[in-house]
Amino acid sequence: QGQLVEFGGGLVQTGGSLRLSCVASGTIFSRRPMAWYRQAPGNQRELVATIATDSSTNYADSVRGRFTISRDNAQNTVYLQMNSLKPEDTAVYYCKAEPIQDWHPKLTSWYGVQYDSGLWGQGTQVTVSP
């Protein structure tokens, strides 16, 4: 089955930068819209950024202008570049793959993949100190 593995979390001071990576395997990455979510203790999980299969993007107001989501289909990877980090950005960040776009049963025969309702990464901690 497909899976997502995240890298790049860590501790950074206010104003610093981090780049998160999410590597997909066992799936048709290029046909999955991708997203980054985050969740701080006591808070709801919130959508941070999305990127469609055509690389169009959307951002939460709280991160627009500071964060950039991108994808490299050749590397099966989605990135979240985070600049000008603030303490309120502290959270566990989760990568999510939406279901494969334009699913067809023949995809199972051609690529050996099964339909799923989406995939979640394991989460990576981002901590921004004041």
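Residues numbered from 1 in each chain as written. Predicted model: local features only at pLDDT ≥ 70, side-chain atom pairs only at ≥ 80, totals over all residues. Heavy atoms only, no water.

A. Just the overall build of the protein chain, in detail. Each helix and strand counted, the protein chain has one helix and eleven strands in total. Element order for the protein chain, N to C, with α for helix and β for strand: β-β-β-β-β-β-β-β-β-α-β-β. Computed over the C-alpha atoms, the radius of gyration of the protein chain is 15 Å, within 12% of the 14 Å expected from 2.2 N^0.38 for a compact globule of 130 residues. In terms of its C-alpha atoms, the protein chain occupies a principal-axis envelope of roughly 50 × 25 × 25 Å. A buried classification covers 42% of the 130 residues belonging to the protein chain. Contacts in the protein chain between residues at least 24 apart in sequence constitute 61% of all its contacts with a sequence separation of at least 6. (Helix = DSSP H or I, 4+ residues; strand = E, 2+ residues; numbered from the N terminus. Rg over C-alpha atoms; globule rule 2.2 N^0.38 Å. Buried < 20%, exposed > 50% of the residue type's maximum accessible area, 1.4 Å probe, protein only. Contact = heavy atoms within 4.5 Å.)

B. Geometry of the nonpolar core. Formed by 29 residues in total, the largest nonpolar core has its most connected members in Met34, Trp36, Val78, Leu80, Met82 and Tyr93. Taken together, the elements giving at least two residues each to this core come down to β3 (18-25), β4 (34-39), β5 (46-51), β7 (67-72), β8 (77-82), β9 (91-97) and β11 (124-129). Contacts of Tyr93, omitting those with residues within four sequence positions, involve Glu6, Leu20, Trp36, Tyr37, Arg38, Val48, Phe67, Leu80, Met82, Gly123, Thr124 and Val126. (Core = buried A, V, L, I, M, F, W, Y, C linked by side-chain atoms within 4.5 Å.)

C. Just the packing of aromatic side chains, in detail. Overall, the coordinates contain three aromatic pairs when judged by the stated rule. Seen from their ring centres, Tyr37 and Trp120 are 5.1 Å apart, and the 55 degrees between their planes marks the pair as tilted. With a gap of 83 residues between them, Tyr37 in strand β4 and Trp120 in strand β10 (residues 119-120) connect regions that are remote in the sequence. Overall, the relative accessible area of 17% leaves Tyr37 in the buried class. Look at Trp103 and Tyr115: their rings are 5.6 Å apart centre to centre, the planes differ by 65 degrees, and that puts the pair in the edge-to-face class. Taken together, the positions of Trp103 in the loop between β9 and α1 (106-111) and Tyr115 in the loop between α1 and β10 put the pair twelve residues apart, joining distant regions of the chain. (Phe/Tyr/Trp six-rings, centres within 6.5 Å; stacked < 30°, edge-to-face > 60°.)

Interpretation note: all reported values are geometric properties and have no functional meaning in isolation.
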